[in-house]
Each structure stands twice: as C-alpha cells, then as structure tokens.
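Understanding the architecture of this molecule
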Amino acid sequence: MSTHASLLLRACCLVGLLGAPWLGCDSPSIEQSDTASGTDTTGDAVPDADAVPDADAALDTDLDAETALDTVPDTDPDAETALDTAPDSGPDLVPDVASDTTPDVAPDTTPDVVPDTTPDVTPDTTPDTIVEPPCSTFGFGTAPSAWSLPYPLLTPTGADYNQTANANHALVDLDGDGRLDFLVIRDLERATSDPLAGKNHWLLFKNTGAGWSNAPTPWSLPYPMLPPAGGDFNQLANAFHAVIDLNGDARPDLVQFAPGGAGPSDPLLGKNHWRVYLNTGSGFASTPTLWTIPFALEGTGAGHNLLSNASHALISLAGNTRPEFVVIVDDERPAAARDPLVGKNHWLVFSNSGAGFSQSPKLWTLAFPLILPTGGSFNALATTAHLLADLTGAGRPDFLVHRDTERTSPDPLVGKNHWLIFPNTAAAFASTPVQWTLPFPLIGTSANQSDFANANHAVLSLRDLAEPDLLVIRDVERTSPDPLVGKNHWLLFANTGAGFSAAPKPVALPYPLLTPTGADFNQLATERHVLLDLDGDGLTDFIELESGERATTDPLLGKSYWLVYPNRCL
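Structural notes, computed from the coordinates.

1. Focus: the overall build of the protein
Counting its regular elements, the protein contains zero helices and 27 strands. Classification of the 570 residues of the protein by burial places 58% in the buried group.

2. A few points about the nonpolar core
Counting residues in each nonpolar core, the largest one holds 42 residues, and the members touching the most others are Trp419, Leu462, Leu471 and Trp490. Every element with two or more residues in this core is listed here: strand 2 (138-140), strand 16 (386-389), strand 18 (418-422), strand 20 (457-460), strand 21 (469-472), strand 22 (489-493) and strand 26 (561-565). Membership of the second largest hydrophobic core comes to 22 residues, among which are Ala242, Ile293, Leu314 and Phe350.

3. Some remarks on the sheet that holds strand 21
Strand order in the open sheet formed by six strands is 20-21-22-23-2-27, and the pairing between neighbours is mixed. With one partner strand each, in any of the chains shown, strand 20 and strand 27 (567-569) form the two edges of the open sheet. Direction aside, neighbouring strands of the sheet carry axes that sit 30 degrees apart on average. Pairing analysis gives three bridges linking strand 2 to strand 27, with the strands arranged antiparallel. Looking across to strand 27, one finds that Gly139 is bridged to Arg568.

4. Some points on empty space enclosed by the protein
All told, the structure shown has two cavities of 30 Å³ or more when counted by the stated rule. In this structure, the second largest cavity encloses a volume near 30 Å³. Around the second largest cavity sit Tyr223, Phe240, His241, Gln256, Ala258, Gly261, Ala262 and Gly263, which together line it. Partitioning the lining of the second largest cavity into residue classes produces four nonpolar, four polar and no charged.

5. A short note on the packing of aromatic side chains
Scanning the model with the defined rule gives 32 aromatic pairs in all. Centroid distance Trp419 to Phe500: 6.1 Å. Interplanar angle 90 degrees. Geometry classified as edge-to-face. Here the residue Trp419 occupies a position in strand 18, and Phe500 occupies one in the loop between strand 22 and strand 23 (505-508), the gap between them amounting to 81 residues. Both residues of the pair, Trp419 and Phe500, belong to the buried class. Chaining the aromatic ring pairs together yields one cluster made of Phe257, Trp274, Trp291, Phe295, Phe325, Phe350 and Phe357.

6. Let's talk about the sheet that holds strand 18
Read across the open sheet, the four strands follow the order 16-17-18-19; overall the sheet is antiparallel. Bordering the open sheet on either side are strand 16 and strand 19 (434-437), each of which pairs with just one other strand. Adjacent strand axes in the sheet meet at a mean angle of 35 degrees, parallel and antiparallel pairs treated alike. Pairing geometry for strand 18 and strand 19, over four bridges, is antiparallel. Directly across from Leu420, in strand 19, lies its bridge partner Gln435.

Reading guide: rules and limits
- Residues numbered from 1 in each chain as written.
- Predicted model: local features only at pLDDT ≥ 70, side-chain atom pairs only at ≥ 80, totals over all residues.
- Heavy atoms only, no water.
- Helix = DSSP H or I, 4+ residues; strand = E, 2+ residues; numbered from the N terminus.
- Buried < 20%, exposed > 50% of the residue type's maximum accessible area, 1.4 Å probe, protein only.
- Core = buried A, V, L, I, M, F, W, Y, C linked by side-chain atoms within 4.5 Å.
- Pairing = 2+ DSSP bridges.
- Axes fitted to C-alpha atoms, helices over the stretch in contact; angles between N-to-C directions.
- 1 Å grid on protein atoms, 1.4 Å probe; cavity = no way out; pocket = protein on both sides within 12 Å on 5 of 7 lines; lining within 4 Å.
- Points joined across faces, edges and corners; volume = space filled by probe spheres on them.
- Nonpolar A, V, L, I, M, F, W, Y, C, P; charged D, E, K, R; others polar.
- Phe/Tyr/Trp six-rings, centres within 6.5 Å; stacked < 30°, edge-to-face > 60°.

Put into structure tokens, the structure is as follows:
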C-alpha cells in the first residue's frame, strides 16, 4: 500500500491525547502523513517527520511530549524525548473525551455520552467518581457501517492514496465542530483537479456523520502557499508556519512564525511577534493578529524560532485551553536574563493572554531536580523514565515516573507494583508522589516492558471516559497469558482513579488480528486499519481502510468507502 508499506503503524493515543487542552489542541485537529522516521521500534500510524526524530524505544501511544505540529504531523501521540521543531497537529488515534467541567447535582453513575456544556443548577458538594460503562462487555462490533469517501483513494490506474493522511490530504477538524473533515491541500488525487488549491484555498470535504461530502468547500488561505515566484510551502506545517489553536477557541489558526516562507515579509517576525491568521470558521483571516512572544527567537541561534524545540515548548501545564510558552532549558534568552535554576528547581511559564505570551514568567516547581549537580540531565518533557500524562482525567498533566532511574533515592518497586505520579497542583508538580498501582509487573522480562506503551500494551481511553486505561494487545508480559488475545479480543485493565484494576475486561475485536495462517495484524494501527473517532461521538472505533486482513475481500473498500466497526456495548 505505497507509502504505508514502510509504516506498519504503531501505537495510538496518548493519555491526554492531542485533543487535550493542556497540549494546546482542544479538539481533534490534524492527521497528516510523515515522510521520515525516527528511532521507534514500531512504525507510527503515520511516522514522524520531525526535524528532531523520536527517541522513544517503543511505539508512541499517548501523551505527546511534543507539543505542536510536526513538519508533517503524525497520527498518533508521541512519548518522545526530543521536542518536534513544529508542534503536533494531528488527532490522536484515540482522541480525548472531555469530562464534565462542573459537578452534577448528584454524582454521575453513568459516564456522559456527550460531556456537559452547561453548568448544573446546583453544583456537587462531592466529586464524581470514575464508574464503569453501562455494560459488562464492550468492544468493536462485527457488523460495520460504510463511511463514504469523497473520491476513490485506490484508483483504477493503480495509484494508492488510501491513507488517513499523506502529502496531499489530511483528516482535520478545521471548523471546530468536533468531527474530522477530509482536507485536500494538494489536489493531485482526484480525476478533476482545482488549479487554485494551495494558491487561494484548500478544499474541505465536510464530515456528515456517515462519511465525507462529495462536494468540497473552499477554505481560504491568507496568502498563496504555492507562490507565483516559485517554491512549495503548501503543507499544514513546515519551518515557517503551522496550523495550531493558539487562542483557545477550539479552531486551529495559521501561525507564521519564521521569515523565508511564502508569507509576507516582516522584519520583526520571530523577534517581537508571530503572525496569527485567525480561523473564521470558513477559512483563515486575510489580516494577521500580531502575537507577542516573550523574547526574541529569530536571529538568536539556529532552531530557536520554532513553536517548540529542546529548549521551549507550547503546552498548557495548568490545564487551560490555551497553550503557554514553557522554557525547560534557559539557553535562548540573553545571557544576563538567564535563570541558572531552570531544570533544577523549576521551569518558566509565560502565560497565554489570548493575544500573545506574557513578558514575565511564572516559576513552575519541579517534582525533583532534572539537572543534577553531578552533571547528569533528564531535563525534558519526556525521557525513558518519565513523561507528562493525565491519568486521573483532571485535565492537567501530572509528572509520571515509570522507571525510577532519575531520582537520587529511587523506589525499587516502581514498574513492578506501581508507577509514581507527582500531581499537578495547577501551579507546580507536587514534591511527594502518589503510587499508581499496576495490574502486573512491567519490569522483568524485557528492556521496554515498563514503557508507558510498547508493542504489547498501551495506555489509552477506549471507553467514553477522560481517564485512560491499560490495554493489552499482546499477552506476553503476564505470567498467565490469555491465548485468545489478538484473536478474539484485547484486554482492558480499567482506570480506578488510583491505578489500573487487577482483573481485565475483554475488548471484542471485529475479526482475528492473529490469523490461523500465521499472519499478524495485531497492532493498534496498520496500513489496513486504524483506531479513530470519525463520527465525533467521543468513542474510538475500529476503521478498516483496505482489504487484506480479513478472509473476505471487499472490492469497494478504499474506493467508495471505509468500514467503521463501532465501539459499543456487546
């Protein structure tokens, strides 16, 4: 299947997922194919094309340690140790479902299918607790529905464009309605192309709830991405611009942050401000808003003027809907202004006002020093031992230690009995950890067993809850494995609010992914299937893109439609 042949998609969504407000993308935003790989041991659903590739030892599943659009964004969240040069713009394979923001009059006994948008008349005096879905068995149904495509992606000429995203199209929620539309940025796949696509506009095929419309709506661009003078800047993100929601209205804007691309010349670009072309609901505004930045980035050093890099990142640590400018390594400001305690005692947070970043930072206290007196440094949003994750569904990322190799007094039971969570107080990470119980030891049989995700397990939300569960897709890490895992079902260890349950529940598969013939399609995503919420109901469904995994072949699959196996009670 052309470019997907090298991918063999890997794990999916992060805990907070890209839809998480604290990652700077409130709704499922953008999924686009990558063109280069990192050092992952398993292929991304659409692998990274980051200028700083993945440094994780196993597949990404969740929480993007990257905080903004990839040069060509990925389809799954990364737990990489190096930040992308441009932030993530893609939806997580398993997007977030926001939890209630206002307590109910009486605590919920059933998770909301659609989260509350109106506060209750009388707020709760007791917080709600995590509850099980209203069924004992759930999974992906065996009777799929056809999801109509806007045009054939597997063409009669043999051309193969049958991916959730590539260099020509992407799945994007540009209008902020919570459903992924089909966006064409290069009109090279249809039989009749629009010569103005990429010059005046992009083409948006609206999500109808059962497929994508046959007729596109033009999405206006503020300037030509394919300029008359030459050059091709027609991507959702590159070294000069990115599509990201900076003002927190749940609609991604076009942000021009560096000179040299197709955008208008501005001598102060990257020095005093970025140029933000706000999302109007039908296109990007033709006139930019000047978005103040906390200090000059352009001209201060290679790679400094980016949305995110190894020194700073766009992320909402406090759980706001607007991403903040967080300095984790203070080597970009003028020498006289640098804080020698950054990475030792705290990070610096420049808050987002909705029109720019503040000029004065707040100190965000760290759980423990990440830069040691001995010279060792673990000062990154994610390493092989820690990452930022929202396991409790509070809407704020906590500091999670899954290998206790960075503290001076390690806990020998981390990764065996529990992980350690240093809670996010909305102003800092607590200095005292809370133990997060594990259903079985993750440290023992393999080098990457205690990872937040690997080829055998992943932390993600399949249920209609904000809190992610532990999902086992290959039962090779427990002492008493289930031989039907990957054939009939996966195993879900539910999030209890203080850990993962000891006893699993089966998650029914629509067809065997480990087949009697020996074929192995048992991954969260492959070139022929992915996990996505296409209909916007907050539940992640199993999407079959192309025949080849089931015994029965569907000649219209990838030409007229994809097949959606719904996530539901069984």
